[in-house]
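Below are the chains, spelled out letter by letter.
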Amino acid sequence: MDVFRFQITEEYEGERIDKCMSMLMDSLSRSYIQKLIKDGQVQVNDRPVKSSYQVQTEDEVCFSLPDSREPEICPENIPLDILYEDQDLLVVNKPKQMVVHPAAGHYSGTLVNGIMYHCGSELSGIGGVLRPGIVHRIDMDTTGSLIVCKNDKAHNSIAAQLKEHSVTRRYRAICHGVIQEQEGTVDKPIGRHPTDRKKMAVNEKCGRHAVTHFRVLRRFREYTYIECELETGRTHQIRVHMASIGHPLLGDEVYAQGRKYPFSLQGQTLHAMTIGFIHPSTGEYLEIVAPLPEYFEHLLEILQ
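Residues numbered from 1 in each chain as written. Predicted model: local features only at pLDDT ≥ 70, side-chain atom pairs only at ≥ 80, totals over all residues. Heavy atoms only, no water.

Draft legend 1. Representation of the packing of aromatic side chains in the model. For the structure on display, the rule yields five aromatic pairs. On the basis of an interplanar angle of 75 degrees and a centroid distance of 6.2 Å, the ring pair of F6 and F63 is categorised as edge-to-face. Residue F6 is found in strand β1 (residues 2–7), and its partner F63 is found in strand β4 (residues 60–65); the two are separated by 57 residues along the sequence. For F6, a relative accessible area of 12% translates into the label buried. A residue is classified by how much of its surface remains accessible, and F63, at 0% relative accessible area, is buried. Through successive ring pairs, a cluster of aromatic residues spans F4, F6 and F63. (Phe/Tyr/Trp six-rings, centres within 6.5 Å; stacked < 30°, edge-to-face > 60°. Helix = DSSP H or I, 4+ residues; strand = E, 2+ residues; numbered from the N terminus. Buried < 20%, exposed > 50% of the residue type's maximum accessible area, 1.4 Å probe, protein only.)

Draft legend 2. Representation of the side chain of K94 in the model. Structurally, the position occupied by K94 is in strand β6 (residues 89–94). Despite its burial, K94 remains without a salt bridge, the nearest opposite charge being carried by D141 at 6.7 Å. A polar contact is formed between the side chain of K94 and the backbone oxygen of D139, at a distance of 3.3 Å. When sequence neighbours within four positions are dropped, the list of residues in contact with K94 reads V100, I138, D139, M140, T142, T143 and G144. (Lys, Arg positive; Asp, Glu negative; His and termini not counted. Salt bridge = Lys/Arg side-chain N within 4 Å of Asp/Glu carboxyl O. Polar contact = N/O pair within 3.5 Å; in protein donor to acceptor, adjacent residues only side chain to side chain. Contact = heavy atoms within 4.5 Å.)

Draft legend 3. Molecular detail of the pattern of salt bridges. For the structure shown, the criterion picks out 14 salt bridges. With its nearest N and O atoms 3.3 Å apart, the salt bridge here joins D18 to R30. Of the two residues, D18 is situated in helix α1 (residues 17–24) and R30 in helix α2 (residues 30–38); the sequence distance between them amounts to 12 residues. Between E287 and R170 there is a salt bridge, and its shortest N-O distance comes to 3.1 Å. Here the residue E287 occupies a position in strand β15 (residues 285–289), and R170 occupies one in strand β8 (residues 168–176), the gap between them amounting to 117 residues.

Below you can see the structure in the form of structure tokens.
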């Protein structure tokens, strides 16, 4: 019998424990998870729970899975674009098509495999075996800045800042349509899609508070180049919010379905350009900028 541990991150807060586990463990059905809970194989913060328990950020989930083995995650010599590094943390410029941490179907070639090779044993352990050093993440097809923590002190500090929404997170994106206003705010709650659990959606009834600020940087004939700043940090927040106001991101295969474009793209044109935070050791504000990727710059030239 193998024992698994992981920590609940912000985007899952408020979800039922059985639903949350089914989202994080794609290989396990919800009914099987409910059986594990009923049999006392699932604990939260070292206490047994019922399937109706609603998880909270930083909850420690521990469960036993009979006849199962957690895959071994191996360091891999993957080139990393490191924007900043010191004894506590590093900021990596993640490329397209790279998964942040191992999961079902992606146990190699992830950012975690690369940072394990680069950092050796110098990674925080709070995220568990599958997510060493990972305190937040961005989508596989989103590029840009990502903080990786080398020790638990740094992890706890950055996690607290993320929870308080005090981390500066500015993104660049290209969206469908011409936005007329120069700037605006989308304030709409986001939750899991009612029928597709791998998608998010604006959900006035069950969604969580989500706010995205945007401003127009350049207008083209059929598209708009924008900067978005997150006030909150929900899963797929920018993608869902911009689609909700009729301007889904160019290349988004999930939230811009049916929108045609004459470019060869790999997923949404979204780049995590700027991240700013209070350094866990020095107490000083640190802001890191990830330059636009080459494909993004080339696309802007074509549109111009």
